[in-house]
Amino acid sequence: MKLSLKGLAVLLAAVLLLPLCLASCSGNDYAVVMEYNGITLTEDMYNYWMATFKRNILSSYSDAYDTEAFWSQPYDEEQTVEEYFTEIIHARIVNYLVSQDLYKKNRLTMSDSTKQAIKDDIKEKIEYYGSRSALNAELSTLMLNVQSLQEIYTWEEKHNTVYQWMFGEGGVNEISNADLIKYYEETYSRIQYIVFYTTKIKTDDDGNYVYDSNGNVVTEDMTAEELAEKKAKIAECQAKIDAGTDFETLRKEYSEFDTSSYPNGFFISANELDVWGVDIVLGAKNASVGKVFMVEEETAVFLVKKCALTPFADLTDADLKQLSYLSTYATQELYDRVFAEFAAHVTVYDEILAKYKLSTIRPNPYYSI
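> Lay out helix H13 (residues 326–343) in plain terms, naming residues and giving numbers.
Helix length check: H13 (18 residues) gives 25 Å between terminal C-alpha atoms against 26 Å at 1.5 Å per residue, within 8%. Packing partners of the buried residues in H13 comprise helix H3 (81–105), helix H6 (146–167) and helix H7 (177–187).

Written out as structure tokens, the structure reads:
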């Protein structure tokens, strides 16, 4: 399966303002699940973020279903899907906690426009549900009420404020050009590929593509004869590669998808797992320059050539378009490293957290909350 973290990094856009206080100030009896420098995070907050991320995961992937089979399947050789996402989500929640302390210590503030957006958002929600008590009734399904939801939104915004203060333009940890280049050199690979499709696109009587209810093109299996012919063609191409025939020449002759508009190939990393899949990304990372390796997927076979990584200074405008999120990814990596140092000092109560598993909690059903 092809999974990525895109779409997981963004929680709700709406945020609400409250003075910084301990999580217990919301007046509930929920247990503390973690604490840092006297600031505590309670289980209602933890459940909310887990439930919201779970909703985002399930809505982001067409093959994601809230079943034991989905969550228990391998993500890679070391982790299940549940373990993989839980680790990512837990780290983000820890960072929310740490950022409350950083916000306070560094005397950061939110803009007036953010404060107004907070007020408008909470007012809109109350009006939509008819009253504060009606909204509280809805929120109770997430272990929340208006006050605790407001606190959660405030924590998110303070985290965003800390992030911009540390890593934004002019921030105390703003990523340098040297760090950007280093990230590119250590993280990215450049590839070219030849693809053979091993399924057929289904068409109607008029020759038009057939789509399923989700808008995806419907494919159908090849006959045994068609598949045998395709495998023979792949073997023929592989033999020519082994004999030293120029890869670009073979691409023009054999590839069933035209990549000529990418003359310098493709720049890939773990950030593009959802596009390329783990086999191509890891294959490219581990292969030596010039090596051609095969990746067999459900609908296609790829012959992938690992190319020398283009020096950063020599990247063309077309190349840079592929790397348009490079600064974002590099900054995220720096953020992870910096916050991991703080996270090492967070006290976590595992016996409480054990109750909140992605495979068993209810996903947040409200896209506006």
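Next, the rest of the story.
> Before we move on, can you summarise the sheet that holds strand S2 (residues 39–42) with the specific residues and values?
If you trace the three strands from one edge of the open sheet to the other, you get S2-S1-S9, paired in antiparallel fashion. Whereas interior strands pair on both sides, the edge strands pair on one side only; in this sheet they are S2 and strand S9 (347–348). Across four bridges, strand S1 (residues 32–36) lies against S2 in antiparallel orientation. The residue of S2 that forms the bridge with Val32 is Thr42.

> For the packing of aromatic side chains, give the residues involved together with the corresponding values.
Scanning the model with the defined rule gives 23 aromatic pairs in all. Aromatic side chains Tyr184 and Phe312 sit 5.4 Å apart centroid to centroid with 70° between the ring planes, which places their arrangement in the edge-to-face category. Pair noted here: Tyr184 is in helix H7 and Phe312 is in the loop between strand S8 (300–307) and helix H12 (317–322), with a separation of 128 residues, a long-range link. Residue Tyr184 is classed as buried on the basis of its relative accessible area of 0%.

> Can you explain the packing of helix H1 (residues 43–60) against H6? Please cite residues and give values.
Across the interface, H1 lies against H6 with an axial gap of 11 Å and an inter-helix angle of 65°. Relative to H6, the element H1 lies roughly perpendicular. For the pair H1 and H6, the sense of crossing is right-handed. Contacts from Asp44, Met45, Tyr48 and Trp49 of H1 reach H6 at Ser148, Leu149, Glu151, Ile152, Tyr153, Trp155 and Glu156.

Basis of the calculations
- Residues numbered from 1 in each chain as written.
- Predicted model: local features only at pLDDT ≥ 70, side-chain atom pairs only at ≥ 80, totals over all residues.
- Heavy atoms only, no water.
- Helix = DSSP H or I, 4+ residues; strand = E, 2+ residues; numbered from the N terminus.
- Expected span 1.5 Å × (residues − 1).
- Contact = heavy atoms within 4.5 Å.
- Pairing = 2+ DSSP bridges.
- Phe/Tyr/Trp six-rings, centres within 6.5 Å; stacked < 30°, edge-to-face > 60°.
- Buried < 20%, exposed > 50% of the residue type's maximum accessible area, 1.4 Å probe, protein only.
- Axes fitted to C-alpha atoms, helices over the stretch in contact; angles between N-to-C directions.
- Parallel < 35°, antiparallel > 145°, perpendicular 65-115°, else oblique.
- Left-handed = near helix turned anticlockwise from the far one by under 90°.

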